[in-house]
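These are the residues of each chain, in order.
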Amino acid sequence: RRRSVALPVSRSPAMPRYGSIFNRLTGSSREIHAGCYAALVESTAAPLVVARFNPLIRPYLVLTVGLVIAVTCIGIPLALIWFCGVGQWWANHYFQKLECHLSAKNLRYRKGILVQVEKTIPLENIQDVTFIEGPILRHFQLSTLKFETAGHSAGQANDMHLTGIIDAHEFRDRILAARDALKEAQMRRSEQPQVQQPGSDPNEHSERQLTSLQGIERRLDEVIELLRRHAR
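To start, this report covers the structure provided alongside it. Being a predicted model, the structure only gives us computed values, none of them experimental. (Residues numbered from 1 in each chain as written. Predicted model: local features only at pLDDT ≥ 70, side-chain atom pairs only at ≥ 80, totals over all residues. Heavy atoms only, no water.)

## Quick notes on the overall build of the protein
The helix and strand tally for the protein stands at six helices and seven strands. The order of helices and strands in the protein, counted from the N terminus, is α-β-α-α-β-β-β-β-α-β-β-α-α. The buried share of the protein, reckoned over its 232 residues, is 23%. Of the roughly 17100 Å² of accessible surface on the protein, a fraction of 57% belongs to carbon and sulfur atoms. (Helix = DSSP H or I, 4+ residues; strand = E, 2+ residues; numbered from the N terminus. Buried < 20%, exposed > 50% of the residue type's maximum accessible area, 1.4 Å probe, protein only. Areas by Shrake-Rupley, 256 points an atom, 1.4 Å probe, with all protein chains shown as cover.)

## Things to note about the environment of I132
Along the chain, I132 turns up in strand β5 (residues 126-132). Counting along the chain gives 14 residues from I132 to K146, while the straight-line C-alpha distance between them is 7.3 Å. Not counting the four nearest positions on each side in its chain, I132 is found in contact with L137, S143, T144 and K146. (Contact = heavy atoms within 4.5 Å.)

## Quick notes on the packing of aromatic side chains
One pass over the full model with this rule turns up three aromatic pairs. Geometrically, the ring pair formed by W82 and W90 is tilted, given 5.6 Å between the ring centres and 50° between the ring planes. Overall, the relative accessible area of 25% leaves W90 in the partly exposed class. By way of ring pairs, the aromatic residues W82, W90 and Y94 are connected into one cluster. The ring of F95 has R58 sitting right over it, with the charged end atom 5.0 Å from the ring centre. (Phe/Tyr/Trp six-rings, centres within 6.5 Å; stacked < 30°, edge-to-face > 60°. Lys NZ or Arg CZ within 6 Å of the ring centre and 35° of its normal.)

## Some points on the pattern of salt bridges
Following the criterion strictly, the structure yields seven salt bridges and no others. Where E99 meets R110, a salt bridge forms, and the shortest distance between an N and an O atom there is 2.8 Å. Pair noted here: E99 is in strand β2 (residues 99-102) and R110 is in strand β3 (residues 106-111), with a separation of 11 residues, a long-range link. With a relative accessible area of 26%, E99 lands in the partly exposed category. With a relative accessible area of 22%, R110 lands in the partly exposed category. Residue D173 pairs with R172 through a salt bridge whose shortest N-O separation is 3.6 Å. In this structure D173 comes out as partly exposed when scored by relative accessible area, which is 45%. (Salt bridge = Lys/Arg side-chain N within 4 Å of Asp/Glu carboxyl O.)

## Remarks on the packing of helix α2 (residues 57-70) against helix α3 (residues 75-97)
Between α2 and α3, the shortest axis-to-axis distance is 8 Å and the interhelical angle comes to 150°. With respect to their mutual orientation, α2 and α3 come out roughly antiparallel. When the axes of α2 and α3 are compared, the crossing they make is right-handed. Classifying every residue of the contact of α2 with α3 gives 17 nonpolar, five polar and one charged. (Axes fitted to C-alpha atoms, helices over the stretch in contact; angles between N-to-C directions. Parallel < 35°, antiparallel > 145°, perpendicular 65-115°, else oblique. Left-handed = near helix turned anticlockwise from the far one by under 90°. Nonpolar A, V, L, I, M, F, W, Y, C, P; charged D, E, K, R; others polar.)

## Concerning the pairing of β2
Strand direction decides the pairing type here: strand β1 (residues 49-50) and β2, joined by two bridges, are antiparallel. Along β2, the bridge assignment pairs V49 with L102. Bridge analysis of β2 against β3 gives four bridges, and the strand direction is antiparallel. Looking across to β3, one finds that H101 is bridged to R108. (Pairing = 2+ DSSP bridges.)

## Overview of the sheet that holds β2
Whenever strands of a sheet pair, they do so through backbone hydrogen bonds, lying parallel or antiparallel. Strand order across the open sheet formed by four strands is β1-β2-β3-β4, with antiparallel pairing between neighbours. A single partner strand is all that each edge strand has here, and the edge strands are β1 and β4 (117-122). The strands touched by helix α5 (residues 168-191) are β1, β2 and β3; relative to β2, the strand with the most contacts, the crossing angle is about 45°.

## Section: the nonpolar core
Counting residues in each nonpolar core, the largest one holds 33 residues, and the members touching the most others are C100, L107, F147, F171 and I175. At the level of secondary structure, the elements contributing two or more residues to this core comprise α2, α3, β2, β3, β5, β6 (144-150), β7 (157-163) and α5. Here the element with the most residues in this core is α5; it accounts for six residues. When sequence neighbours within four positions are dropped, the list of residues in contact with F171 reads V49, A51, C100, L102, L107, L145 and I165. (Core = buried A, V, L, I, M, F, W, Y, C linked by side-chain atoms within 4.5 Å.)

Here it is in structure tokens:
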């Protein structure tokens, strides 16, 4: 008959020390990862504003595109086909593809049917946003926002138009406010390394970091030695 023998658990006096060292190391690692995660969330979290478009942009597009087709030499037959149903089909699909998102760092828009255009504009490149409202636009209760953007090279500038955004004035103010907030945050980050606290010394900070690294190295050596003893 086999007898089950309970092996005695060795309680070495070095084990509590090993456990305390391991807890310190893992605790420091958890604090570092928590700090990195908090910084990452703080840097990536940004409010998002989704622009809404007025459905009246569909008859406006049908009318304006049809008039442009009609003024051409062979445009009258094409204009009849356009107004008989092709224009409504095109305007409905164009309206469904319209998108415009404002985040804390950029403005992204998408439009088009056969050829879709999707573009992301950094807010710091937006120089001005102009509100345009003509007679035809007022008839359809629409307005156009014109974005004047500057490129990376000197003298390079582009213009972008978005028509049919609901509450265009409010959306324009949000864009300008987000741009100003981003520029202010960038200025603060650029000025932060230049500000030194009184009594702070870069050499002293480097020495503290070196001392901390040496302490971690000694603790790792102790852990390795304890593991070797325990394995014996």
